[in-house]
Amino acid sequence: MKTLIRIVLKSAWHRRISLLFTILSIAISVCLLLGVDKIRKEAKSSFINTISQTDLIVGARGGPVNLLLYSVFRIGNATNNVTWESYEEIVALDEIAWSIPISLGDSHRGFRVMGTNTDYFEYYQYGQSQRLTFAEGIPFSEVYHAVIGRDVADALDYQLGDEIIVAHGLVSAEFAEHDDKPFTVTGVLAKTGTPVDRTVHVSLEGIEAIHVDWQGGTRSAFQLSAEQARNVDLQPKAITAFMVGLDNRINTFRLQRAITEYNEEPLMAIIPGATLAELWQTIVVFEQVLLVISGFVLIAGLLGMLTMLLSTLNERRREMAVLRAVGAHPYHILFLFVLETVFIVFLGYVIGMCLLYSLLVLTQPLLVAWYGINITITRPDAQQWFLFAVVLLLSVIVSLIPGLIAYRQSLQDGLAVKV
Amino acid sequence: MSATPIIHLKEIRFRWPGQSADFLYIPELIVNKGEHLFIQGPSGSGKTTLLNLLTGINVPRSGSVMILDTPLEKLTNIGRDRFRADHLGVIFQQFNLLPYLSLVENVQLPCGFSRRKRANAGDMDATALRLLTHLSIPDALLDQPVSKLSVGQQQRTAVARALIGNPEIVIADEPTSALDSDNRDRFLELLFQEAEEQESTLIFVSHDRQIAERFTQMVDLTMINQAEVAE
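Not measured: the values here are computed from a predicted model.

Asker: Can you break down the domain arrangement of chain A residue by residue, with the values?
Answerer: Per the domain assignment, the segments making up chain A are domain 1 (2-47 + 283-413) and domain 2 (56-270). Once you take the C-alpha centre of each, domain 1 of chain A and domain 2 of chain A turn out to be 50 Å apart.

Asker: Please give an account of unusual backbone geometry that cites residues and values.
Answerer: In this model, Gln 53 of chain A sits at a positive phi of 70 degrees, which is unusual for a non-glycine residue. Despite not being glycine, Glu 174 of chain B has its phi angle at roughly 45 degrees, a positive value. Mapped onto the elements of the fold, Glu 174 of chain B is located in the loop between β7 (169-173) and α7 (181-198). On the accessibility criterion, Glu 174 of chain B (10% relative accessible area) is buried.

Asker: Describe the sheet that holds strand β3 (residues 37-40) of chain B, with residues and values.
Answerer: All names here are of chain B. Read across the sheet, 5 strands follow the order β6-β7-β8-β3-β9 without closing on themselves; strand pairing throughout is parallel. A strand with exactly one partner marks an edge of an open sheet, and here the two such strands are β6 (88-91) and β9 (217-220). On average, adjacent strands in this sheet sit at an angle of 15 degrees to one another, irrespective of strand direction. Inspection of the sheet shows β3 paired to β9 by 4 bridges, in the parallel sense. Its bridge partner being in β9, Leu 37 is matched across the sheet by Gln 217.

Asker: Residues and numbers for a nonpolar patch on the surface, please.
Answerer: Residues and elements named next belong to chain A. A surface patch of nonpolar side chains, about 590 Å² in accessible area, is lined by Leu 32, Val 285, Phe 286, Val 289, Leu 290, Ile 293 and Val 297. At 6 residues, helix α10 (residues 272-313) tops the list of elements feeding residues into the nonpolar patch. Inspection of the secondary structure puts Leu 290 in helix α10.

Asker: Which residues make up the interface of chain B and chain A, and what values do they have?
Answerer: Each side of the interface is counted separately: chain B has 24 residues, and chain A has 26 residues. Together, the buried faces of chain B and chain A total about 2,300 Å²; carbon and sulfur atoms form 66% of this surface. Looking at the side of chain B facing chain A, the largest losses of area belong to Phe 92, Tyr 100 and Phe 113 of chain B, adding up to 32% of the total buried there. There are 2 salt bridges connecting chain B and chain A. Sorting the residues of the side of chain B that touches chain A by element identifies α1 (47-54) and α2 (77-87) of chain B as the ones contributing at least two each. The dominant element in the side of chain B that touches chain A, judged by the number of residues it contributes, is α2 of chain B, at 5 residues. Residues of the side of chain B that touches chain A, tallied by class, amount to 13 nonpolar, 7 polar and 4 charged.

Asker: Outline the packing of aromatic side chains, supporting the account with residue identities and numerical values.
Answerer: The description of an aromatic ring pair uses the distance of the two centres, along with the angle that the planes make with each other. Residue and element names in this part refer to chain A. All told, the structure shown has 17 aromatic pairs over all chains when counted by the stated rule. Measuring from centroid to centroid gives 5.5 Å for Tyr 120 and Phe 121, while their planes differ by 75 degrees, and the two rings are edge-to-face. A network of ring pairs unites the aromatic residues Tyr 120, Phe 121, Tyr 124, Phe 134 and Phe 140 as a single cluster. The ring of Trp 13 has Arg 16 sitting right over it, with the charged end atom 4.5 Å from the ring centre.

Asker: Describe the pairing of strand β8 (residues 201-206) of chain B, and please don't skip the residues or the numbers.
Answerer: Residue and element names in this part refer to chain B. Counting buried positions over the 6 residues of β8 gives 6, a clear majority of the element. Residues Thr 201, Ile 203 and Val 205 point to one face of β8 and Leu 202, Phe 204 and Ser 206 to the other, with burial holding for every one of them. Bridge count for β3 against β8 is 4 bridges, and the pairing is parallel. Across the sheet, the residue bridging to Gln 40 is Ser 206, located in β8. Across 5 bridges, β7 lies against β8 in parallel orientation. Looking at the pairing, Ile 171 lines up with Ile 203 of β8. Remark: the β7/α7/β8 crossover connection has right-handed handedness.

Asker: An account of the sheet that holds strand β4 (residues 62-67) of chain B is needed here, citing residue identities and associated values.
Answerer: Residues and elements named next belong to chain B. The sheet built from 4 strands is open, its strands ordered β2-β1-β4-β5 with antiparallel pairing. Only two strands of the sheet have a single neighbouring strand rather than two, namely β2 (24-32) and β5 (70-71). In this structure, β4 lies alongside β5, joined through 2 bridges in antiparallel fashion. Note on β5: the bridge partner recorded for Met 66 is Pro 71. Helix-sheet contacts for α1 involve β1 (5-14), β2 and β4, and the interaxial angle to β1 is about 120 degrees.

Asker: Describe a positive patch on the surface, and please don't skip the residues or the numbers.
Answerer: On the surface, Lys 2 and Arg 6 of chain A together with Arg 82, Arg 115 and Arg 118 of chain B cluster together into a positively charged patch. Counting only elements with at least two residues in the positive patch, the list comes to α1 (2-14) of chain A together with α4 (115-121) of chain B. Locating Arg 118 of chain B in the fold gives a position in helix α4.

Asker: Just give me the short version of the pairing of strand β10 (residues 183-189) of chain A, but keep the residues and values in it.
Answerer: Residues and elements named next belong to chain A. With respect to burial, β10 is a largely interior element, 6 of its 7 residues being buried. Pairing geometry for strand β7 (residues 134-137) and β10, over 3 bridges, is antiparallel. Each bridged residue has a counterpart across the sheet, and for Gly 137 the counterpart in β10 is Gly 187. With 4 bridges connecting them, strand β8 (residues 145-148) and β10 associate as parallel partners. Across the sheet, residue Ile 148 finds its bridge partner in β10, namely Val 188. When strand β9 (residues 163-164) meets β10, the two strands line up antiparallel, connected through 2 bridges. Looking across to β10, one finds that Ile 164 is bridged to Phe 183.

Asker: Account for the side chain of Asn 96 of chain B, with residues named and values stated.
Answerer: Along the chain, Asn 96 of chain B turns up in the loop between β6 and α3 (103-108). Side-chain polar atoms of Asn 96 of chain B contact the side chain of Gln 155 of chain B, separated by 3.0 Å. Each residue touching Asn 96 of chain B, except ones within four places of it in the same chain, is listed here: Val 322 of chain A together with Val 90, Ile 91, Gln 155, Ala 158 and Arg 161 of chain B.

Asker: Please provide a residue-by-residue account of α7 of chain B, values included.
Answerer: Three- or four-residue spacings in an α-helix give side chains the same orientation, since the helix completes a turn every 3.6 residues. All names here are of chain B. An ideal rise of 1.5 Å per residue puts 26 Å on 18 residues; α7 measures up with 26 Å between its terminal C-alpha atoms. Every buried residue of α7 is accounted for by Arg 184, Phe 187, Leu 188, Leu 190, Leu 191, Phe 192, Glu 194, Ala 195 and Gln 198. Buried residues belonging to α7 abut β6, α5 (124-134), α6 (151-163), β8 and α8 (209-212). With its phi angle positive at about 60 degrees, Glu 199 sits one or two positions after the end of α7.

Asker: Before we move on, could you go through the side chain of Glu 287 of chain A and cite the residues and values that matter?
Answerer: Residue position: Glu 287 of chain A is located in helix α10. By relative accessible area, which is 7% here, Glu 287 of chain A ends up buried.

Asker: If you had to explain the packing of α6 of chain B against α7 of chain B to someone new, which residues and values would you point to?
Answerer: All names here are of chain B. Interaxial distance between α6 and α7 falls to 10 Å at its minimum, and their mutual angle equals 10 degrees. In terms of orientation, α6 and α7 fall into the roughly parallel class. Between α6, through Gly 152, Gln 155, Arg 156, Val 159 and Leu 163, and α7, the contact on the second element is made entirely by Asn 183, Arg 186, Phe 187, Leu 190, Leu 191, Glu 194, Ala 195 and Gln 198. For the contact of α6 with α7, the per-class residue count stands at 6 nonpolar, 4 polar and 3 charged.

Rules used in this analysis
Residues numbered from 1 in each chain as written. Chains lettered and ligands numbered in written order. Predicted model: local features only at pLDDT ≥ 70, side-chain atom pairs only at ≥ 80, totals over all residues. Heavy atoms only, no water. Domains from an automatic or database assignment. Helix = DSSP H or I, 4+ residues; strand = E, 2+ residues; numbered from the N terminus. Buried < 20%, exposed > 50% of the residue type's maximum accessible area, 1.4 Å probe, protein only. Pairing = 2+ DSSP bridges. Axes fitted to C-alpha atoms, helices over the stretch in contact; angles between N-to-C directions. Patch = residues over 30% accessible without salt bridge, like charges linked within 9 Å, V, L, I, M, F, W, Y side chains within 5 Å. Areas by Shrake-Rupley, 256 points an atom, 1.4 Å probe, with all protein chains shown as cover. Salt bridge = Lys/Arg side-chain N within 4 Å of Asp/Glu carboxyl O. Contact = heavy atoms within 4.5 Å. Buried area = accessible area lost by both parts, 1.4 Å probe. Nonpolar A, V, L, I, M, F, W, Y, C, P; charged D, E, K, R; others polar. Phe/Tyr/Trp six-rings, centres within 6.5 Å; stacked < 30°, edge-to-face > 60°. Lys NZ or Arg CZ within 6 Å of the ring centre and 35° of its normal. Right-handed = clockwise from strand over helix to strand, strands pointing away. Lys, Arg positive; Asp, Glu negative; His and termini not counted. Charge placed at Lys NZ, Arg CZ, Asp CG, Glu CD. Polar contact = N/O pair within 3.5 Å; in protein donor to acceptor, adjacent residues only side chain to side chain. Expected span 1.5 Å × (residues − 1). Parallel < 35°, antiparallel > 145°, perpendicular 65-115°, else oblique.

What follows is the structure, encoded as structure tokens:
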């Protein structure tokens, strides 16, 4: 046994170049499969954990998924606004415990700017009913104050007291900046692992103030200074959407219907959990296709290894005859192949896992920044260990093919090989 | 001197799968202790087949292969492999060595498959080195990859491997056919010297009649093979 293991290792080392590439191809396919699985799970929990305890989100009528995406995930844009009158009328209803208005449309160096009020810091919840907390500073209390998410602070290296210039629209451009009305950072929120981390929060009045002298996306001829803008009536005329918490959840569906049937303007209310599930349903098909594809990539990797093993069979006949001559049984020959294959696949799998973890560490900040998916790096779960066992088992089965051929050859050849 | 048979073949009949007639039929062949047997015959005369029977790779259709008082045909497949590992050493025509093992590891290889040889060899490193020195392998080559050795040196290393652990029988299948005459004589010299020292019986197959005179016993396969060759 010890002899065989030594033979396998030395023989493998002797053919290390071709084995290296086989191991790499398995490593890459394992990395892909585990990566897809990881992202799938993380995306799901990241999605589900983004918002909590909000009973309804109300916006202009349109696609429910779209409303969820722009209001919670800061992805995409609203097609229409909600007038301030409708907002005030609805949140005045008895069933409603709290509400958070949201006004979107501007950005700061790639991060979305969201206008809201201080209720946001009090009522918004994410994950398992966690509330927002301040890492530093305090909420905004003034027109030109801003509270930034953790990632904004980290990425742009902002401290309390720094000034922020908000760009009009979502693409940062020199000519469309509200550079005459800078905001001062008064607070930095603690890390949440949700899109909140990548948001610049200002008051609704702030949003109103920077747009006072703008018309249809460009500056109007009448410019107002920051101080002058303060004195204008900064009551917003419209907001993008608002979140609502109810006193009693039982009323959720009734209120949802009431908002949908609201006469003054076409509105829509979604239940975040239900729409999240709906969104997830549309993604799940894609994600399963991806998983199946990566499964096939892994099988292709194993088949590549099989090809490699089969192609070396003939050159190794002499080796097998020598081993037979010194007393190896054909079972030993079979075992040699099984051991070598398991060794290759084991190494490939381990390298694939290392590859995945280093990739995760490297891409984690980018994934959060670009796609809002927060990947927590955890140990492999039971499912992944199970996959490990399945792949090793598969490798044993694959190795039986060249193994049994070599077994038969060595029975036929005996000690004499005419190669 | 009372003759103890080391090898005793009796009424051996063998045919390959799919053949309708016997390929090999040897009524009797005896090799006694202390003797060395030279087997001669042109290719196709059944040399390989005979060696396969002697080494327990194949079993005869009928008849008995007694080696060291053990009837090989009565052993299981694994039993015969173990018997070969314990009591036989084998030298091929060429490519005897595994390219990925060092010289010493190649020599020690049989000890990995046989507890008996391992016990006989004692200190495996010392024994391997002693054998290699006896077989005139320069020390400078010990750390070199096997492929750096000349064919003659490779064949002598194969002798060391066949002899390690004191097997009773050493089977050599045309081991000199790849050597020039100088190397051949030197090879034979050393092979005999070491085999004598260990009291191993040599079974030597070759078509080179010049070698035959060194042996105490010689058989011509075409003579002892009584099978009617079906054309």
